[in-house]
Amino acid sequence: MIRNFDQTDRRMLKFPAVHPCEAISPETLLNSLINLSQNICNYQSKLFSTQRKNARQTIRQIGLLLLFFEETRDLRLALTDSVVLCFSELHHAFQKVQFLLEDCTREGAKLWILIKCQVVSTQFRALIRAIATALDVLPLGLIDVGVEVKELVELAGKQARNAKVEVDPEDERALQQVFSVLDHFEKGIEPDSSFMKRVLDHLEIRNWNDCNKEIKFLEEQLDFQYSDCDERDAPFLSSLLGLMNYCRGVIFETWNHRSNKSDARHSIEALTCINAEDFRCPISLELMTDPVTVSTGQTYDRSSIQRWLKAGNMTCPKTGERMTSPELVPNTTLRKLIQQFCTDVGVCASSSGGQSRDIARTISPGSPAAAEEMKFLSRFLARRLVFGSSEQKTKAAYEIRFLAKSNIFNRSCLIEAGTILPLINLLSSSLEHHAQEIAISALLKLSKHTSGKKEIVESGGLKPILAVLQRGLSLEAKQMAAAIIFYLASVKAYRKLIGETPEVVPTLVELIKDGTTCGKKNGVVAIFGLLLHSGNHQRVISSGTIPLLMDIFSSSDNDELIADSLAVLAAIAESVDGTLAILQTSALSTIPRILRSSASRAAREYSVTVLLSLCKNSGAEAISILAKDHSLMSSLYLLLTDGSSYGSSKARGLIKLLHKFHEASSSGRIASVVPRERPVHVW
């Protein structure tokens, strides 16, 4: 069997080559050798920023052997077992060569290959020697090819035996310069940028985009380190990542507007009223760090369900169904949601009593050098925001948006460096929608940090942010302003402050009415945050929020938007005034329909929460209407087994009320079901 590996199947500098199986036909083996050789020769035209000599001589030797393989195929020669064995060894070595060349030319991996230059040179040496060994034992006399072709094979063997494979002196010098720069940073000394410029020139990292590719690659490698539980290189990778972030922000002044203008819009966040209960493992009740789905469709934390299975259990812990397979399918979408949720709220997920490494590693720097690099870069960006040209200010804001996107330590450094006030000023002075979007996006990332919220409010940022919410130069900017309102509203003192600003709630309502799906969600969630202060309830009700939410239920097919809208309705329904306003709509017919049909557990749970509040706050009339819906009870019982602890308790409460109503109605004591409130008109 000959297997083709995709780049995504393996880790960097790992070579999962396999020997061809013994049953493989000589013809198939030869054709595969030719394809491998052709693929390797195609690397001749690719850029090798390091390992140039080693790569060239390896490709050249395999190019000579390609001619031999092609003539052997064209002449349809019979191959002896000894020849097939040598070809199998060459095939195995060629697979590894192809992997190595892939890594040496991989986009964004230039700096990492330089750092690993000794390891890479050793790999080239080992592979060239493996080729030489296979050619030494190849019974060339048993293969009836032309004399010239045999001479090429002998030449390739001689070159392989005599090859001097070593680290290029230029690569070695560049490597020492990198170590010197990192050493300066670790000591708290900002190095001369000319040192790093020489390294970047050597690696042909010419511009902002090239540097950004290096950053993305290093981030990916760092993620692999933690996901593989092999963190030996993590501190060094963190230092390199910090170094390339510094270079992108400080050295590469010019950035490509056209390639990056749409990026801010693509990164616009759609917030959600996430219920953390949805992220807890039904077994351990802790936030899941490695969620996996079993054959029944239920999701558990991997460690918890593995212990369950090892104990000999083959039934689903939650449903009691027998699992048809012990296979655990990673739920990567849920894992990303949990990681983003934890990053946004600044908490750590539990993992067997410990912290989630994905989150914990962003709270503190990965290395001393990484910490200093970020501090120097933050101060540079803060100066640019104050003293730079209009273009430089926008570029600095763009860098901040990147750096603060999902790293808590970066956010704290940027806030401490004093970037928030000049970002607010940039927001107020921006006359071009792209610059405004970048500035508001940067503030959004910083508003997720506790000190960021405080700094925004104390620096007078609320008014400019509200101005963008009202009169932003683009819909995208308005949507991000609404998201900031949500994060600010997570602070108890600010909910009252924001809510008392007359134009806030009406403007959010307008965004819900006229915005995109993302805009509607951000508007809904911002209002949800404000509702956590009871004094804002009446403002939300009087602004016409409830009819808009009802419109969403009838017109939208976005499960998250519907669930978030129900979360807002549930918050409104907690008060008697909110209940009365809701009952002036078709809620008692619409919400049971959502409960029956929605695929979203969150939507179903919020539906039950709304219905329970309506029944408790409105008297027997609401209950009497729900009691006539014979399908409602089955939906509630389903939620008892399928819902979270929160959803199950709400379903249980509504079931008790309905049972009590049926018992009371049969005995004529309906008024005793719930406390009687003032009469309301129910549609």
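The model shown is predicted, which means the values in this text are computed figures rather than measured ones.

Trainee: Lay out unusual backbone geometry with the relevant residues and their values.
Mentor: Phi angles above zero are rare outside glycine, and Leu13 is one such case at about 60°. By secondary structure assignment, the location of Leu13 is in the segment before helix H1 (26-41). For Leu13, a relative accessible area of 16% translates into the label buried. The phi dihedral of Glu204 is positive, around 60°, even though this residue is not glycine. Counting through the fold element by element, Glu204 comes out in the loop between helix H8 (193-202) and helix H9 (208-227). For Glu204, a relative accessible area of 24% corresponds to the partly exposed category.

Trainee: Account for the nonpolar core, with residues named and values stated.
Mentor: Counting 199 residues, the largest nonpolar core has Phe68, Phe69, Phe87, Phe94, Leu138 and Leu636 as its most contacted members. Residues within four places of Phe68 in sequence aside, it is in contact with Phe87, Leu138, Leu140, Ile143, Val145, Val149 and Val153. Listed in part, the 14 residues of the second largest apolar core include Phe279, Met288, Tyr300 and Ile305.

Trainee: Summarise the packing of aromatic side chains; cite the residues concerned and give the values.
Mentor: The full count for this structure, using the stated rule, is eleven aromatic pairs. Between Phe68 and Phe87 the ring centres are 6.0 Å apart and the planes differ by 80°, which places this aromatic pair in the edge-to-face class. You can see Phe68 sitting in helix H2 (residues 52-74) and its partner Phe87 sitting in helix H3 (residues 81-104), a full 19 residues away along the chain. An identical accessibility class is assigned to Phe68 and Phe87; each is buried. Arranged with centres 5.8 Å apart and planes meeting at 65°, the rings of Trp208 and Phe402 form a pair that is edge-to-face. Of the two residues, Trp208 is situated in helix H9 and Phe402 in helix H16 (residues 390-403); the sequence distance between them amounts to 194 residues. Owing to a relative accessible area of 24%, Phe402 belongs among the partly exposed residues under this scheme. What links up through ring pairs into an aromatic cluster is the set Phe68, Phe69, Phe87 and Phe94. Seen from the ring of Phe224, Arg11 lies directly overhead, with NZ or CZ sitting 3.8 Å from the centre. In this structure, Arg379 is placed above the aromatic ring of Phe376, and the distance from its NZ or CZ to the ring centre is 5.0 Å.

Trainee: Outline the environment of Ser37, supporting the account with residue identities and numerical values.
Mentor: Following the sequence through the fold, Ser37 ends up in helix H1. C-alpha separation for the pair Ser37 and His91, spaced 54 residues apart in sequence, amounts to 9.1 Å. For Ser37, the contacting residues outside a window of four places in its chain are Ile62, Leu66, Phe69 and Phe94.

Trainee: Summarise helix H17 (residues 408-416); cite the residues concerned and give the values.
Mentor: Along an α-helix, residues three or four positions apart point the same way, because every turn accommodates 3.6 residues. Counting buried residues in H17 gives eight out of nine residues, a clear majority hidden from the surface. Considered for burial, the residues of H17 that qualify are Ile408, Phe409, Asn410, Arg411, Ser412, Cys413, Leu414 and Ile415. The N-terminus of H17 is capped by Asn407, whose side-chain oxygen sits 3.1 Å from the backbone nitrogen of Phe409. Gly418 occupies a position one or two residues after H17 and carries a positive phi of about 85°.

Trainee: How would you summarise the environment of Thr133 if you had to cite specific residues and measurements?
Mentor: When you line up the elements, Thr133 lands in helix H5 (residues 117-137). Residue Thr133 is classed as partly exposed on the basis of its relative accessible area, which comes to 49%. Through-space distance from the C-alpha of Thr133 to that of Gly157 is 8.3 Å; in sequence the pair is 24 residues apart.

Trainee: So what's going on with the pattern of salt bridges? Residues and values would help.
Mentor: What the rule picks out here adds up to 19 salt bridges. With a shortest N-O distance of 3.7 Å, Arg52 and Glu204 are connected by a salt bridge. Taken together, the residues Arg52 in helix H2 and Glu204 in the loop between H8 and H9 connect sequence positions 152 residues apart. Judged by relative accessible area, Arg52 falls into the partly exposed class, the value being 25%. Where Glu220 meets Arg106, a salt bridge forms, and the shortest distance between an N and an O atom there is 2.4 Å. With Glu220 in helix H9 and Arg106 in the loop between H3 and helix H4 (110-115), this residue pair connects regions lying 114 residues apart in the sequence. On the accessibility criterion, Glu220 (30% relative accessible area) is partly exposed. Shared partners join several salt bridges into a network, and the residues in it are Arg248, Lys395 and Glu399.

Here is what the cut-offs are and how they apply
- Residues numbered from 1 in each chain as written.
- Predicted model: local features only at pLDDT ≥ 70, side-chain atom pairs only at ≥ 80, totals over all residues.
- Heavy atoms only, no water.
- Helix = DSSP H or I, 4+ residues; strand = E, 2+ residues; numbered from the N terminus.
- Buried < 20%, exposed > 50% of the residue type's maximum accessible area, 1.4 Å probe, protein only.
- Core = buried A, V, L, I, M, F, W, Y, C linked by side-chain atoms within 4.5 Å.
- Contact = heavy atoms within 4.5 Å.
- Phe/Tyr/Trp six-rings, centres within 6.5 Å; stacked < 30°, edge-to-face > 60°.
- Lys NZ or Arg CZ within 6 Å of the ring centre and 35° of its normal.
- Polar contact = N/O pair within 3.5 Å; in protein donor to acceptor, adjacent residues only side chain to side chain.
- Salt bridge = Lys/Arg side-chain N within 4 Å of Asp/Glu carboxyl O.

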